[in-house]
Amino acid sequence: MAVEEMHDASACKQVDGGISRVFQLLGKRWTGPIVAVLVGQPAHFTELRRAIPGISERMLSDRLTELGAAGLVLREVDEGPPLRVSYRLTEAGAALEPALKELGTWAKKYLPERRPC
């Protein structure tokens, strides 16, 4: 009997589809920090940029667009003058708060900060 014939496909572990979808979206660089900033309150684009050191305007714009398409963030235009755009979490986005807090607690315990050499 060949090895392939002895293999039971049902015994293979597979990643949960929900976990895969979550990390496809939230696992992208900068996405988690953006959501974490918006958990506190809505923010204007420039406030988000200041709150997340190192993110470029282009990357912030791209991630906000992705989060909007996923139904986690709403883009709202504040009539001016001056015309300003703000972002806030939807109900689905706000529901991530407990999970983000748990991940932050876990990171403090198990992922110590790297100290510069």
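The sections below set out a description of the structure shown in this document. Please read these numbers as outputs of a predicted model, since none were measured by experiment.

Glancing now at the sheet that holds strand β3 (residues 84–89). Taken together, 3 strands build an open sheet; the order of strands is β1-β3-β2 and the sheet is antiparallel. Edge positions in the open sheet fall to β1 (43–44) and β2 (73–78), since each of these has one partner strand only. Of the strand pairs in this sheet, β2 and β3 are connected by 6 bridges, and their pairing is antiparallel. Bridge pairing in β3 places Glu76 opposite Ser86. Here helix α3 (residues 31–40) sits on the sheet and contacts β1, β2 and β3; the angle it forms with β3, its principal contact strand, is near 90°.

Before going further, it helps to examine the side chain of Thr90. Within the secondary structure, Thr90 sits in the loop between β3 and α6 (91–94). The exposure class of Thr90 is buried, given its relative accessible area of 13%.

Further remarks concern the nonpolar core. In this structure, Ile34, Leu38, Leu48, Leu64, Leu67 and Val73 are the most contacted members of the largest nonpolar core, which totals 17 residues. Those elements giving two or more residues to this core turn out to be α3, α5 (57–69) and β3.

Moving on, we get to a nonpolar patch on the surface. Judged by side-chain polarity, Val15, Ile19, Val22 and Phe23 come together as a nonpolar surface patch covering roughly 390 Å² of accessible area. Judged by relative accessible area, which is 55%, Phe23 ranks as exposed.

With that settled, consider the pattern of salt bridges. Two side chains bearing opposite charge may form a pair once their charged atoms approach each other closely. For the structure shown, the criterion picks out 6 salt bridges. For the salt bridge of Glu57 with Arg49, the shortest nitrogen-to-oxygen distance reads 3.3 Å. On the accessibility criterion, Glu57 (47% relative accessible area) is partly exposed. For Arg49, a relative accessible area of 34% gives the class partly exposed. A salt bridge links Glu76 to Arg88; the nearest nitrogen and oxygen atoms lie 2.9 Å apart. In this pair, Glu76 sits in strand β2 while Arg88 sits in strand β3, placing the two residues 12 residues apart along the sequence. Given the relative accessible area of 29%, Glu76 is considered partly exposed. Residue class for Arg88 comes out partly exposed when judged on its relative accessible area of 30%. Ionic contacts of the salt-bridge type, sharing partners, join the residues Lys28, Arg63 and Glu66 into one network.

Definitions and cut-offs
- Residues numbered from 1 in each chain as written.
- Predicted model: local features only at pLDDT ≥ 70, side-chain atom pairs only at ≥ 80, totals over all residues.
- Heavy atoms only, no water.
- Pairing = 2+ DSSP bridges.
- Helix = DSSP H or I, 4+ residues; strand = E, 2+ residues; numbered from the N terminus.
- Contact = heavy atoms within 4.5 Å.
- Axes fitted to C-alpha atoms, helices over the stretch in contact; angles between N-to-C directions.
- Buried < 20%, exposed > 50% of the residue type's maximum accessible area, 1.4 Å probe, protein only.
- Core = buried A, V, L, I, M, F, W, Y, C linked by side-chain atoms within 4.5 Å.
- Patch = residues over 30% accessible without salt bridge, like charges linked within 9 Å, V, L, I, M, F, W, Y side chains within 5 Å.
- Areas by Shrake-Rupley, 256 points an atom, 1.4 Å probe, with all protein chains shown as cover.
- Salt bridge = Lys/Arg side-chain N within 4 Å of Asp/Glu carboxyl O.

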